[in-house]
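# Architecture and fold: a report
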Amino acid sequence: MAFNLPLIALIGATLFFYFREARLRRQLQFALKSPYAEKRQSDERFHSIVENAVEGIFQSTPDGRYLHVNPALARLYGYETAQDLKSNLHNIAKDLYVAPNRRSEFQTLLQEQDFVRDFESQVYQKSGSIIWIMENARAVRDSQGELLYYEGSVIDITQRKNAEERLVYQALHDSLTALPNRLLFEDRLHQAVLRSKRDTLGLAVLFVDLDDFKLVNDSMGHEAGDTLLRVIAERLRNAVREEDTIARIGGDEFIVLLERLKEVHEATEIAERIVTELQPPIPIGEREVFTSASIGIAYSADGLHRAESLLRDSDAAMYQAKTRQKASYALFNPEMNTKLVERLEIETGLRFALERGELRLHYQPLIELENNVMSGVEALLRWEHPAQGLIPPGKFIQIAEDTGLIVPIGYWVLEEACRQMQEWRAERPDNPLMTINVNLSGKQLQCEDIVAQVAEILDKTQLPPTALKLEITESVMMTDFDTTLAKLNALKAMGVKLAMDDFGTGYSSIASLSTLPLDTVKIDRAFVNRLTDHKETHSALEAIMTLSKALKLNVTGEGIETNQQRRSLQDLGCHVGQGYLFAKPLPAAALSEHPYFTGVVMERSDERRAA
Ligand code: C2E
Ligand code: MG
Ligand code: MG
């Protein structure tokens, strides 16, 4: 077999080289052609991603210029195009950032750690409006570690920031008055204490509590109460200085923080200004409401008091102010804390006093000055405290009012007093004209069913309505005049008698004597006290007597302690007297044996009078 070996070798070599070259060519093609093509494709892809991204993307130089920005960033900053943004913003720190040093912080972070995460700042848009942005960025370096540029992304977080701000605002402010709330106040107070220590300037906390706000709320409704609170907030703002903080911390409680005080009297002056500012009546709907506040002041001359104790002390001082008179202020002194503790004890104990049967009534005679006959008695409440003994009403009536306990307590008083009087009347058929006077608090009169309550008790005890005289004070008329007047008229129509108690103090006005369906006006003890050595009191009383006569009102003098007072009152035309001169308030049993009760005293007193 003849093989052409050279030919075969040639063909083999040709094929070998052909295939090797083809492989090499393929390899070469791959090695030379593919990177460019792929890179181009990939560049295009990335370019498209960057150009169409919804996030703003940038590259910027370390000295604060943009190298490249995408259209989303331009849109975010309010520019038409990326080019527009680049050519308008020459200095990112100055032209973009609301606080240019925020940009320095951004750069410092990048220099120190090569990246920043979730960096929040406020920037200006082209129009000048301000938005919140969040940036993520990194530093790009060359192989030697030299910083080349920064690159990163930006998103608009204005909406979230606004929502956050709203939440923070809501958490720190009172929604009704937009004043700071307790949380924010306490924070400011802490800061103020630190500042005060540093600057050795004084600071004061004023605790402002409205008097009788609950009356407005209960009788005129919450809307009226809200309006009142808004007006009060506004007036408080007017009374203090621009830099002072006012907060609303409870229903009708406000606190004021005064800083940089040199003397304590600067704080009392502001308290006085608040009192004055609150004086004018506040129009609510078609009515006008008078309001006042009691203010407690805690002062620290040197920032050495803790914030908590300043708050507590101003609260204690406020309670002290409340016990004085309406619309007054008191400066804290350490004794007040003891008083506050006492008050708390009373408040707790009082809740059980009624059900534990610790309440007692004492009765004080009312004496007809002309013939020295006892025409009636006033029922006066006492609390027989298991540990503290007999507590006078001055110590707990206000607390009972504040807590609303006066309503059940008042019901008990009324029932017990009527029952006792009916018992006496049965014992003394010879003196059927005796009346029982019962104090009725404003809170009781606010009760919708007060008229029904009185009717029910009269029915239960069988006391004739004409033998009951309810004593009210003028403050009960402060709110919802019409409704209260209607209730008084209804009581009057039942035959119950009405007396204006404590006339001549507080809000007493002569006008009320003619507008209310009264039978009696009781001249306050303070008035009677001044009567004998105070000319103006004498003249004022004369005027009241003249008016009472015209209005056919019976006049009772309260707190008569001396014969001289008795005589002056009688000379002025006062009909009835009540006071220690005649008898102190006594338990029912003791009164039953009292000469006034048994009728023996008449002659004796007349003798003394004649002498
Ligand atoms: P009020 O109704 O004006 O009662 C007269 C107060 O003057 C009584 O004080 C009485 O003890 C006192 N007093 C009478 N004569 C004299 C006197 O010659 N000299 C002096 N220094 N004081 C005299 P009390 O019993 O402490 O009552 C104080 C106030 O507490 C009462 O003033 C009344 O506003 C209130 N109160 C008493 N009981 C009740 C009650 O059952 N319900 C309500 N809502 N308030 C009551
Ligand atoms: Mg009274
Ligand atoms: Mg009185």
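Residues numbered from 1 in each chain as written. Chains lettered and ligands numbered in written order. Predicted model: local features only at pLDDT ≥ 70, side-chain atom pairs only at ≥ 80, totals over all residues. Heavy atoms only, no water.

In this structure the tally under the stated criterion is 6 aromatic pairs. Taken together, the aromatic side chains of Y363, W424 and F597 make up a single cluster linked through ring pairs. Against the face of F527 rests R530, its NZ or CZ located 5.4 Å from the ring centre. Sitting over the face of the ring of Y580, K584 holds its NZ or CZ atom 4.8 Å from the ring centroid. (Phe/Tyr/Trp six-rings, centres within 6.5 Å; stacked < 30°, edge-to-face > 60°. Lys NZ or Arg CZ within 6 Å of the ring centre and 35° of its normal.)

Protein ligation of the magnesium ion (ligand 3) involves D501 (OD), D502 (OD), E558 (OE) and E558 (OE), the donor distances falling in the range 1.9 to 2.6 Å. Along the chain, the residues donating to the magnesium ion (ligand 3) are arranged with the sequence spacing D-D-x55-E. Between the magnesium ion (ligand 3) and the magnesium ion (ligand 2), both coordinated by D501, there is a metal-metal distance of 4.0 Å. In this structure D501 comes out as buried when scored by relative accessible area, which is 8%. By relative accessible area, which is 27% here, D502 ends up partly exposed. (Donors = N, O, S within 2.8 Å, 3.2 Å for Na, K, Ca; no water. Buried < 20%, exposed > 50% of the residue type's maximum accessible area, 1.4 Å probe, protein only.)

Around ligand 1 lies a shell of 22 residues, among which E378, R382, D501, E561 and Y580 are the nearest. At 2.9 Å from an oxygen atom of ligand 1 is found a side-chain nitrogen or oxygen belonging to N439. Calculation on ligand 1 without its partners gives an accessible area of 800 Å², and the protein chains cover 84% of this total. Elements represented by at least two residues in the shell around ligand 1 include exactly β14 (373-385), α15 (406-427) and β18 (497-503). For the shell around ligand 1, the element with the most residues is β14, which contributes 4 residues. Counted by class, the shell around ligand 1 contains 9 nonpolar, 5 polar and 8 charged residues. (Near = heavy atom within 4 Å. Polar contact = N/O pair within 3.5 Å; in protein donor to acceptor, adjacent residues only side chain to side chain. Areas by Shrake-Rupley, 256 points an atom, 1.4 Å probe, with all protein chains shown as cover. Helix = DSSP H or I, 4+ residues; strand = E, 2+ residues; numbered from the N terminus. Nonpolar A, V, L, I, M, F, W, Y, C, P; charged D, E, K, R; others polar.)

Y363, W424, I436, V454, L468 and L470 are the most contacted members of the largest nonpolar core, which has 73 residues in total. A total of 9 residues in this core trace back to one element, the largest contributor, which is α15. One finds L176, I232, A239 and I282 within the second-largest nonpolar core, a separate group that totals 34 residues. (Core = buried A, V, L, I, M, F, W, Y, C linked by side-chain atoms within 4.5 Å.)

Within this structure, the stated rule accounts for 0 disulfides. Here C447 is not cross-linked by a disulfide; its sulfur's nearest cysteine counterpart is in C418, at 16 Å. For C447, a relative accessible area of 16% puts it in the buried group. (Disulfide = S-S within 2.5 Å.)

Right, let's get into unusual backbone geometry. Phi angles above zero are rare outside glycine, and D114 is one such case at about 70°. Within the secondary structure, D114 is located in the loop between α6 (100-113) and β3 (115-124). Since its relative accessible area comes to 29%, D114 is described here as partly exposed. The phi torsion at R260 lies on the positive side, around 55°, for a residue other than glycine.

Around the magnesium ion (ligand 2), the protein supplies E378 (OE), N439 (OD1), E471 (OE) and D501 (OD) as donor atoms, at distances of 2.0 to 2.2 Å. Along the chain, the residues donating to the magnesium ion (ligand 2) are arranged with the sequence spacing E-x60-N-x31-E-x29-D. The class for E378 is buried, based on a relative accessible area of 3%.

Another aspect to go through is the sheet that holds strand β2 (residues 66-69). Taken together, the 5 strands give an open sheet; going across it, the order is β2-β1-β5-β4-β3, and neighbouring strands pair in antiparallel fashion. Two strands in the sheet have a free side with no partner beyond their single neighbour: β2 and β3. Across the sheet, the mean angle from the axis of one strand to that of its neighbour is 30°, orientation sign disregarded. Examined bridge by bridge, strand β4 (residues 130-141) and strand β5 (residues 147-156) share 9 bridges and lie antiparallel to one another. Counted as the bridge partner of R141 is L147 from β5. Running over the sheet, α6 touches β1 (56-60), β3, β4 and β5 and is turned about 165° from β3. The strands touched by helix α7 (residues 158-172) are β3, β4 and β5; relative to β4, the strand with the most contacts, the crossing angle is about 125°. (Pairing = 2+ DSSP bridges. Axes fitted to C-alpha atoms, helices over the stretch in contact; angles between N-to-C directions. Contact = heavy atoms within 4.5 Å.)

Attention now goes to the confidence of the model for the protein chain. Of all residues in the protein chain, 90% attain a pLDDT of 70 or more, and the chain-wide mean is 88. A low-confidence stretch, residues 602-611 (pLDDT under 50), is modelled with 12 contacts involving residues beyond four sequence positions or located in other chains. (pLDDT = per-residue confidence, 0-100.)

Moving on, we come to the packing of helix α10 (residues 222-239) against helix α11 (residues 264-277). Orientation of α10 relative to α11, taken along the N-to-C sense of each, is 140°, at an axis distance of 9 Å. Put simply, α10 runs oblique to α11. Like other packed secondary-structure pairs, α10 and α11 cross with a definite hand, here right-handed. Side by side, α10 and α11 meet where R235, L236, N238 and A239 of the first sit next to I270, R273, I274 and E277 of the second. Per-class residue counts for the contact of α10 with α11 are 4 nonpolar, 1 polar and 3 charged. (Parallel < 35°, antiparallel > 145°, perpendicular 65-115°, else oblique. Left-handed = near helix turned anticlockwise from the far one by under 90°.)

A few words on the sheet that holds strand β6 (residues 202-211). Pairing is mixed in the open sheet, where 5 strands are placed in the order β7-β8-β6-β11-β12. Looking at strand neighbours, the two that pair on one side only are β7 (245-250) and β12 (329-331), the edges of this open sheet. Mean inter-strand twist for the sheet, computed between neighbouring axes without regard to direction, equals 20°. Across 3 bridges, the pairing between strand β11 (residues 292-300) and β12 is parallel. Its bridge partner being in β12, I295 is matched across the sheet by Y329. Sheet strands touched by α11: β6, β8 (253-261), β11 and β12. Its angle to β11, the strand with the most contacts, is close to 170°.

Looking now at the environment of Y150. Tracing the chain through its elements places Y150 in strand β5. Distance in space between the C-alpha atoms of Y150 and K549 is 96 Å, their sequence separation being 399 residues. Setting aside chain neighbours within four positions, we find Y150 in contact with F58, Q59, S60, T61, P62, Q107, L110, Q111, R138 and A139.

Taken together, the side chains of E448, D449, E456 and D459 define an acidic patch exposed on the protein surface. Mapped onto the secondary structure, D459 falls in helix α17 (residues 450-461). (Patch = residues over 30% accessible without salt bridge, like charges linked within 9 Å, V, L, I, M, F, W, Y side chains within 5 Å. Salt bridge = Lys/Arg side-chain N within 4 Å of Asp/Glu carboxyl O. Lys, Arg positive; Asp, Glu negative; His and termini not counted. Charge placed at Lys NZ, Arg CZ, Asp CG, Glu CD.)

In a structure, side chains of opposite charge can pair up when their charged atoms sit close to one another. A complete count under the given rule lists 32 salt bridges for this structure. A salt bridge links E105 to R102; its shortest N-O distance comes to 2.6 Å. Taken together, the residues span about one helical turn, with E105 and R102 both in helix α6 at a distance of 3 residues. Between D114 and R141 there is a salt bridge, with the nearest N and O atoms lying 2.7 Å from each other. One end of the pair, D114, is in the loop between α6 and β3; the other, R141, is in strand β4, and 27 residues separate them in sequence.

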